Amino acid sequence: MSRSRQAGLLARHLAEVTGVEVGLYYDTGARWIAMWADGPLQEEMRAHLDTALAEHHYVDMRDRKIDCHRSISQRAWAARAIASRREGTLGPAIADGAAHRRSLGVGMPRPGVQGPTHTHEYYALLRHVDDLCRETSYPERASTPEDEPLVQQLLAAGTRDRANTGRPTLSEYDMATELLAAEQAPDGD
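This section reports on the structure supplied with the text. Position numbers for residues count from 1 along each chain, tracking the sequence in the order it is written. Under the rules for a predicted model, residues below a pLDDT of 70 receive no local features and side-chain atom pairs below 80 are neither given nor counted, while totals for whole chains, interfaces and linings still include all residues. Side-chain calculation: all heavy atoms of the structure are included, whereas hydrogens and water are not.

## Some thoughts on the packing of helix H4 (residues 90-103) against helix H5 (residues 120-135)
If you want to describe how two helices pack, look at the angle between their axes and the distance between the axes.
Next up, step 1: As a rule, the C-alpha atoms of each element are fitted with a line to give its axis, helices using only the stretch in contact, and angles between N-to-C directions run from 0 to 180 degrees. Numbering of helices and strands runs from the N terminus, with a helix taken as a DSSP run of H or I at least four residues long and a strand as a DSSP run of E at least two residues long. Interhelical geometry of H4 versus H5 gives an angle of 120° and a closest axis separation of 8 Å. Of the possible angle classes, the one that applies to H4 and H5 is oblique. The element H4 and its partner H5 pack so that their crossing is right-handed. Of H5, the residues touching H4 (which contributes Leu 90, Ala 93, Ile 94, Gly 97, Ala 98, Arg 101 and Arg 102) are His 120, Glu 121, Tyr 123, Ala 124, Leu 125, His 128 and Val 129.
Next up, step 2: Residues of the contact of H4 with H5, tallied by class, amount to eight nonpolar, three polar and three charged. Put simply, angles under 35 degrees are roughly parallel, angles over 145 are roughly antiparallel, angles from 65 to 115 are roughly perpendicular, and the rest are oblique. For any helix crossing, the convention is left-handed if the near helix is rotated counterclockwise from the far helix by under a right angle, and right-handed if that rotation is clockwise. Between two residues, a contact is recorded if the distance between any of their heavy atoms is within 4.5 Å. We call Asp, Glu, Lys and Arg charged. Ala, Val, Leu, Ile, Met, Phe, Trp, Tyr, Cys and Pro are nonpolar, and the rest, Gly among them, are polar.

So this is what it looks like as structure tokens:
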């Protein structure tokens with residue numbers, strides 16, 4: 001069996017084990033890259049990969065270097081942001097992150113025609129939620145059933161019709177703007 005065929009079967013096996021779509025792509029030389037969105041942490045995928053390679057089905061892939069790379073979706077970003085807000089960690093993380101940025105003397109982008117000037121709080125929120133996404137296994141899943149409607153609301157709030165394309169786009173940057181406005185609202189809604 002060809003190495004490419006074994007790579008395809010290995011990717012399918014990993015998808016079945018983890019419940020997420022996994023692609024196994026040839027890079028260069030003896031190097032391949034396993035890629036997936038959301039789902040298990042890289043360490044968890046590495047463990048699944050090592051277990052699969054130990055089996056007799058994928059012998060031609062054993063001598064290959066297989067790197068693991070997980071990307072994060074906007075849904076995962078929204079789910080982690082909502083969970084953090086519900087748990088009461090979002091507000092303090094924003095305040096601490098903004099204070100840290102100020103203490104380091106981090107400058108802010110100059111206002112321009114491209115868009116609004118964001119605050120230290122905005123960047124602290126982005127960083128906090130990005131960190132949560134990186135540290136959470138299956139970050140796209142709502143932490144509680146009660147979070148799901150709020151995740152959907154945040155996804156809708158982060159969707160904009162772009163003037164230059166006329167198509168709706170979803171962005172964690174737009175979600176962060178909406179979430180920060182809600183977090184800073186007097187009633188907390």
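## Observations concerning the packing of H5 against helix H7 (residues 172-184)
Next up, step 1: Packing of H5 against H7 brings their axes to within 10 Å, and their N-to-C directions diverge by 115°. Note on packing geometry: the crossing formed by H5 with H7 is right-handed. In this structure, H5 uses Glu 121, Tyr 122, Leu 125 and Leu 126 to contact H7, whose residues at the interface are Glu 172, Tyr 173, Ala 176, Thr 177, Leu 179, Leu 180 and Gln 184.
Next up, step 2: Residue classes in the contact of H5 with H7 are distributed as seven nonpolar, two polar and two charged.

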